[in-house]
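Structural characterization, general
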Amino acid sequence: LLGQRMRGPAVATIVLAIIVIAILGMRYADQDMPGRVDRVLDALIGARLRRDQPITRVLITLGNPAPATILVAAVASAAAAARRWSGVLLAIVGTATAVIVTELILKPLIGRFRAGELSFPSGHTTAVAAVAIAAAILISGAQWPRSIALRMLAAGAAITVAVGVAISLGAQHVHYLTDTVGGYCVAVAMVLGVALGLDYWGATHRDGDGGLAG
């Protein structure tokens, strides 16, 4: 899933994501109002995106349970078609772990509210970003298309969609922007962590038929 040269940067990225979550979590714990960063980012987005734009509503729906499940199934199915069984697990386990950490651990622990609902980290952002990161990892290491540039473009497109969801949540006033940053960081940390774990497991349990190493 992750090449040998990518594992060090992946660990560093996980650590950085955890630090960001911790800083934002401590800063906004037990609050129900925007911080200074939220107000600045909201103003920037509000100047460029109207709240009633259809694209923002469409992007937000991608983080709902049913569409998110369909996205996971699509990525897992593509990995299965390519016989990349570790990719199937990455899409399913990586996304599920990220969502569970967000919804069952961090939201109750941090206790930030918006409109009476726990809001940090953003569950919608976590779900879509986790699927996008898993897809980007799988696309980057795929055998097709042959062109590295096309694979990087496709991987970047997946990440960009997840960023669009995060921005849309802010534009629609569903989440503070720092909520979405936190959700993205949870997705990064969990999916990269699962990828590293699967790579380690595959390396130690690989057998003659390729095991999970695909």
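Summary of the structure given here. Throughout this description, residue numbers start from 1 for each chain and increase along the sequence as written. Selection of residues for local features in this predicted model requires a pLDDT of at least 70, selection of side-chain atom pairs for listing and counting requires 80 or more, and totals for whole chains, interfaces and linings are taken over all residues. By convention in this description, side-chain values take in all heavy atoms of the structure and omit both hydrogens and water.

1. Topic: the environment of L118
Only runs of H or I of at least four residues qualify as helices and only runs of E of at least two qualify as strands under DSSP, and these elements are numbered from the N terminus. Inspection of the secondary structure assignment puts L118 in strand β2 (residues 117–118). A C-alpha to C-alpha distance of 13 Å links L118 and G182, two positions 64 residues apart in sequence. Residues in contact with L118, not counting those within four places in the same chain, are K107, P108, G111, R112 and F113. Two residues qualify as a contact provided that any one of their heavy atoms is within 4.5 Å of a heavy atom in the partner residue.

2. Looking at the layout of surface pockets
To find leftover empty space, one rolls a probe the size of a water molecule over the atoms. Only protein atoms enter the calculation, which uses a 1 Å grid: trapped sets of points that fit a 1.4 Å probe without letting it out are cavities, open sets showing protein on both sides within 12 Å along at least five of seven lines are pockets, and any residue with an atom within 4 Å of a point is a lining residue. Grid points are joined across faces, edges and corners, and a volume is the space filled by probe spheres set on the points. Each pocket or cavity is described by its volume, and for the largest pocket that value is around 500 Å³. Taken together, 23 residues line the largest pocket, and the ones lying closest to its centre are V75, A78, A135, L138 and I139. Put simply, the parts of the chain that give the lining of the largest pocket at least two residues each are α4 (65–81), α6 (123–140) and α7 (148–171). For the lining of the largest pocket, the element with the most residues is α6, which contributes six residues.

3. Considering the packing of helix α5 (residues 85–110) against helix α8 (residues 177–205)
Simply put, an axis is a line fit to the C-alpha atoms, just over the touching stretch for a helix, and the angle between two N-to-C directions goes from 0 to 180 degrees. Taken N-terminus to C-terminus, the directions of α5 and α8 make an angle of 140 degrees; their axes are 8 Å apart at the nearest point. When the axis of α5 is compared with that of α8, the two are oblique. When the axes of α5 and α8 are compared, the crossing they make is right-handed. Touching S86, L89, L90, V93, G94, T97, A98, V101, T102 and L106 of α5 are V186, A187, M190, V191, V194, A195 and L198, all from α8. Of the residues assigned to the contact of α5 with α8, the class counts are 13 nonpolar, four polar and no charged. Here is the rule for angles: anything less than 35 degrees is roughly parallel, anything more than 145 is roughly antiparallel, 65 through 115 is roughly perpendicular, and the remaining ranges are oblique. Left-handed describes a crossing whose near helix is turned anticlockwise from the far helix through less than a right angle; right-handed describes the clockwise counterpart. Polar here means any residue other than Ala, Val, Leu, Ile, Met, Phe, Trp, Tyr, Cys and Pro, which are nonpolar, and Asp, Glu, Lys and Arg, which are charged; Gly is therefore polar.

4. Some remarks on the nonpolar core
Residues L1, L2, L90, I133, I137 and V191 are the most contacted members of the largest nonpolar core, which totals 48 residues. Put simply, the parts of the chain that give this core at least two residues each are α1 (4–28), α3 (54–61), α4, α5, α6, α7 and α8. With 12 residues, α8 is the single largest residue contributor to this core. Discounting residues that sit within four places of it in the chain, V191 has contacts with L90, G94, A130, I133, A134 and I137. Definition used in this section: a nonpolar core is a set of buried Ala, Val, Leu, Ile, Met, Phe, Trp, Tyr and Cys residues joined via side-chain atoms within 4.5 Å. For each residue, the accessible area found with a 1.4 Å probe, counting protein chains only, is set against the maximum for its type, and the residue is called buried under 20%, exposed over 50%, and partly exposed in between.

5. Digging into the pattern of salt bridges
It is possible for side chains of opposite charge to pair when their charged atoms get near one another. A pair is scored as a salt bridge if a Lys or Arg side-chain nitrogen falls within 4 Å of a carboxyl oxygen belonging to Asp or Glu. Following the criterion strictly, the structure yields four salt bridges and no others. Its salt-bridge partner being R7, residue D199 comes within 3.8 Å of it at the nearest N-O pair. Residue D199 is found in helix α8, and its partner R7 is found in helix α1; the two are separated by 192 residues along the sequence. Ionic pairing is found between E103 and K107, a salt bridge with its closest N-O pair at 3.4 Å. Of this pair, E103 and K107 are both found in helix α5, four residues apart, which corresponds to roughly one turn of the helix. A cluster of three or more residues bridged by salt bridges with shared partners is formed by D38, R112 and D179.

6. Points about unusual backbone geometry
Along the chain, F120 connects to P121 via a cis peptide bond; the corresponding omega equals -5 degrees. Of note in the backbone geometry, R83 takes a positive phi value of approximately 60 degrees without being a glycine. Classification of R83 by relative accessible area gives exposed; the value is 60%. Look at A115: it is not a glycine, yet its phi comes out positive at around 55 degrees.

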